[in-house]
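Chains, contacts and geometry: an overview
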Amino acid sequence: MKAIIGKKVGMTSIFQEGKFYGVTVLDVSDNVVTQVKKEDTDGYNAVQVGFDSKTEKASNNAEKGHFKKANAAVKRKVVEIRDYEFEKNVGETISVDTFAEGEVVSVIGTSKGKGFQWVVKRHGVHVVGMESHGQQ
């Protein structure tokens, strides 16, 4: 399985072959292999990938030691990808070159939880009961 971690940066549009398409722009620049798990030592094959650097101040000593083995900056997001198609060593980067042009990809996204915000904005729902924190 091929995989890469990214972060949505924004939206744009392209005009191609007489059609107008909306396009999502992703930042996938900082993918580093932080650990390689093997069948004989860990019981399964996987590659651990770190993405999105964070400051030394925002990390603890355990994180610093883990990323020091890979000679990489401390990462905000660490994901384990099972049965990775390519042989990668600790410290190598994974780039967009992994994918071929025109190849179909599956994207998984996580949205921010907004609670009941949409109901109040769209339909003007008022909270019944104890009113606090500016609710009416």
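What comes next is a walk through the structure. (Residues numbered from 1 in each chain as written. Predicted model: local features only at pLDDT ≥ 70, side-chain atom pairs only at ≥ 80, totals over all residues. Heavy atoms only, no water.)

What follows deals with the overall build of the protein. Within the protein one finds three helices and six strands. Reading the secondary structure of the protein in the N-to-C direction produces β-β-β-α-β-α-β-β-α. Against the 2.2 N^0.38 benchmark of 14 Å for 136 residues, the protein shows a C-alpha radius of gyration of 21 Å, more extended than a compact globule. Taking the principal axes of its C-alpha atoms as reference, the protein extends roughly 60 × 50 × 30 Å. With the model as given, the accessible surface of the protein reaches about 10,700 Å², and the carbon-plus-sulfur share is 52%. (Helix = DSSP H or I, 4+ residues; strand = E, 2+ residues; numbered from the N terminus. Rg over C-alpha atoms; globule rule 2.2 N^0.38 Å. Areas by Shrake-Rupley, 256 points an atom, 1.4 Å probe, with all protein chains shown as cover.)

Attention shifts here to the pairing of strand S2 (residues 19–27). Examined bridge by bridge, strand S1 (residues 7–16) and S2 share nine bridges and lie antiparallel to one another. By the bridge assignment, Lys-7 is partnered in S2 with Asp-27. Between the end of S1 and the start of S2, which pair antiparallel, lie two residues, with Glu-17 showing a positive phi angle near 50°. (Pairing = 2+ DSSP bridges.)

So, on to the nonpolar core. If you look at the biggest cluster of nonpolar residues, it comprises nine residues: Ala-3, Ile-5, Val-33, Val-47, Val-49, Phe-51, Ile-81, Tyr-84 and Ile-94. Residues in contact with Ile-81, not counting those within four places in the same chain, are Met-1, Ala-3, Ala-46, Val-47 and Val-49. (Core = buried A, V, L, I, M, F, W, Y, C linked by side-chain atoms within 4.5 Å. Buried < 20%, exposed > 50% of the residue type's maximum accessible area, 1.4 Å probe, protein only. Contact = heavy atoms within 4.5 Å.)

This paragraph deals with the pattern of salt bridges. Within this structure, the stated rule accounts for eight salt bridges. The closest approach of N and O atoms between Glu-63 and Lys-54, which form a salt bridge, is 3.3 Å. Under the relative-accessibility criterion, Glu-63 is labelled partly exposed at 25%. For the salt bridge of Glu-92 with Lys-88, the shortest nitrogen-to-oxygen distance reads 3.9 Å. Beyond isolated ion pairs, a larger network of salt bridges with shared partners links Lys-7, Asp-52 and Arg-76. (Salt bridge = Lys/Arg side-chain N within 4 Å of Asp/Glu carboxyl O.)

In short, shape yes, function no, at least from these values alone.
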